[in-house]
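# What the coordinates show
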Amino acid sequence: MASSISISILSLLSLILLVSSSSLSSASTNDQTFLQCLSSRLLPSTNLSQIVYSRNSSSYTAVLEFSVQNPYLLSSSPVKPLYIITPRTESQIQAAVICSKQHGLQIRVRSGGHDYEGLSYVASEPFIILDLINYRAIDVNVEDRTAWVQAGATIGELYYNIGQKSENLGFAAGVCPSVGVGGHFGGGGIGLSMRKHGLAIDNIIDASIMDVNGSVLDRKSMGEDLFWAIRGGGPASYGVVLSWKLKLVTVPPVTVFTVTKTVEGGATRLLTIWQMVATQLPDELAIRVILQATRRGTKSTVQASFNSLYYGNVQDLLSVMNRSFPELGLKAEDCQQMSWLESTMYFAGFPSGTPTEVLLNRSQSATNSFKNKSDFLKKPISQEGLKGIWGKLLEEERGQMILEPLGGKINDVTETETPYPHRKGNLYNIQYVVTWLEGADAQTYIDWMRSLYSFMTPYVTHSPRGAFLNYRDLDLGRNEGRNTSYASATSWGLKYFKRNFRRLALVKGRVDKDNYFRSEQSIPPLLA
């Protein structure tokens, strides 16, 4: 009896600590019962004030904003989360899922906060954020060339931990180190290694997910349909991904280069040639192109930066380029040979000589807001079309187009083998980007982005026009709450997933038929 009383007192004290800044009287009855539900499901020693932040908590704003990469979305949202929960253990995640469901609170899962439309921290109805920032353990097994990584880790933390264990192993994923692995892997995960090793999802061999009932499932217990769906179909539609098991890849020393040409310096001709050769180059070589307006003296022009990763040494790279793309005029002095880990820092934009520990920095918060879109191309854009693009980019100096070459290992996977369908036949994808400073008129930049996207219509894929889930875009369409139908969601779903969308919806109907895990672009349930 004494032990039971002690446990109850500890739980009550934890509850009081959480709301001490305002007192329980300011919370609704539902809020009180939600907190009591959490307290009853956690260990008596758990201090709720260290993992749960209410709107009255002094740290609430700091915790909410820490991972936000697009300030505009947060400032324009009319609804702020009732609570932010930052679990450290599986049982704490389970308590959050079960209690949120019981009390009618929507749950949004955040790992890195880079989602382009802020769906992990913005909602239109009462919700909580399940922020996995403290759930980020990484276990690298060099002997069997695998790694388990919890969903709250960042790509940079993953790269760093692999590099500390082995100079010869790496993983194929993106270039921004502060992106969380939960969303990046769940959306597909592209990067400069993809022509050599495929997408991130092509190298995931197991996973752990918590379903709507709070049960923890691995690949065997979740079944192959759900395992298929969460690797590229957006796992937040199905539950809370806890961790991923990765197949690591061999990474010898690599060579990188960036060669920039203006329109006056032949960028139009070089980009025309690049479109024809980029997917035909050896799989070891990926050359992406970044297009943007720039000023040269008093004159504005457009520049194309050819930004490359090659698995091999400088001399071999020069031989490949002289044979396959001599027009770029690559020279030895343009190239830098380095370790694979160092190359991840190069593409992230860190100065040469920066310690690799910078990859562990999660606080690389952006001060600029942004709007992004995406496209896929199966045919090269004509020189006349490129000239039209130069004109659009000259309209807005804060705009960019990032052209990422496909082909190689990506083509070895069929269109239906993963939810990501943009495989063989696609030359490259485009990420459109525009940024603006705090206080600027956001709508002006968003309108320009939509104008550029409209201009590109004749040159990109159609029926449907393709889009990439990791570059989330609510302009394509959005759900209208829990009862969104499969038919209405096809307006955006077919663009991301093509014919895979139906299978994703069927999996959703089996594992979450009541559509608890939902957002403005979550997979709707389709009952068989």
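Below is a short write-up of the structure. Owing to the predicted nature of the structure, the values given are computational and were not obtained by experimental measurement.

What follows is about the overall build of the protein chain. Scanning the protein chain from N- to C-terminus turns up 17 helices and 18 strands. Taking the principal axes of its C-alpha atoms as reference, the protein chain extends roughly 80 × 50 × 50 Å. Relative to its 528 residues, the protein chain shows a buried fraction of 58%. Counting only contacts in the protein chain whose residues sit at least 6 apart along the sequence, the fraction spanning at least 24 positions is 73%.

Next up on the list: the sheet that holds strand 5 (residues 138–141). Spatially, five strands are ordered 5-6-10-8-9 in an open sheet, and the strand pairing comes out antiparallel. Bordering the open sheet on either side are strand 5 and strand 9 (216–217), each of which pairs with just one other strand. Pairing geometry for strand 6 (residues 146–150) and strand 10 (residues 240–247), over five bridges, is antiparallel. Paired with A147 across the strands is L246, a residue of strand 10. Against the sheet, helix 6 (residues 155–165) contacts strand 5, strand 6 and strand 10, and its axis sits at roughly 35° relative to strand 5.

All right, on to the packing of helix 14 (residues 383–395) against helix 15 (residues 442–455) then. Helix-helix packing is characterised by the crossing angle of the two axes and by the distance between the axes. Relative orientation of the contacting elements helix 14 and helix 15 amounts to 175°, with a least axis distance of 11 Å. The angle between the axes of helix 14 and helix 15 places the two elements in the roughly antiparallel class. Side by side, helix 14 and helix 15 meet where G385, G388, I389, K392, L393 and E395 of the first sit next to W448, S451, L452 and F455 of the second. Among the residues forming the contact of helix 14 with helix 15, the class breakdown is five nonpolar, three polar and two charged.

Turning to helix 13 (residues 340–348), a few remarks are in order. Within the span of helix 13, buried status applies to W340, L341, S343, T344, M345 and F347. Buried residues along helix 13 sit against helix 6, strand 7 (169–170), strand 12 (254–262), strand 13 (285–296), strand 14 (299–310) and strand 15 (335–338). Just downstream of helix 13 lies G349, where phi reads positive at about 90°.

Before going further, it helps to examine the sheet that holds strand 3 (residues 106–110). Ordered by their spatial adjacency, four strands build an open sheet running 1-2-4-3, and the pairing between neighbours is mixed. Edge positions in the sheet fall to strand 1 (52–54) and strand 3, since each of these pairs with one other strand and no more. On average, each strand axis in the sheet is tilted by 20° relative to the strand beside it, whichever way the strands run. Across five bridges, the pairing between strand 3 and strand 4 (residues 127–131) is parallel. The partner of V109 across the bridge, within strand 4, is L130. On the sheet, helix 5 (residues 90–102) packs against strand 2 (83–85), strand 3 and strand 4 and is oriented at approximately 165° with respect to strand 4.

With that settled, consider helix 16 (residues 486–497). An ideal rise of 1.5 Å per residue puts 16 Å on 12 residues; helix 16 reaches only 13 Å between its terminal C-alpha atoms. For helix 16, every residue scored as buried is listed here: Y486, A489, W492, G493, Y496 and F497. Taken around the axis of helix 16, the buried residues stretch over an arc of 130°, which confines them to a single face. Residues of helix 16 that are buried make contact with helix 17 (500–511). Taken from the residues just after helix 16, K498 is the one with a positive phi, measuring 55°.

Rules and cut-offs
- Residues numbered from 1 in each chain as written.
- Predicted model: local features only at pLDDT ≥ 70, side-chain atom pairs only at ≥ 80, totals over all residues.
- Heavy atoms only, no water.
- Helix = DSSP H or I, 4+ residues; strand = E, 2+ residues; numbered from the N terminus.
- Buried < 20%, exposed > 50% of the residue type's maximum accessible area, 1.4 Å probe, protein only.
- Contact = heavy atoms within 4.5 Å.
- Pairing = 2+ DSSP bridges.
- Axes fitted to C-alpha atoms, helices over the stretch in contact; angles between N-to-C directions.
- Parallel < 35°, antiparallel > 145°, perpendicular 65-115°, else oblique.
- Nonpolar A, V, L, I, M, F, W, Y, C, P; charged D, E, K, R; others polar.
- Expected span 1.5 Å × (residues − 1).
- Arc of directions from axis to C-beta.

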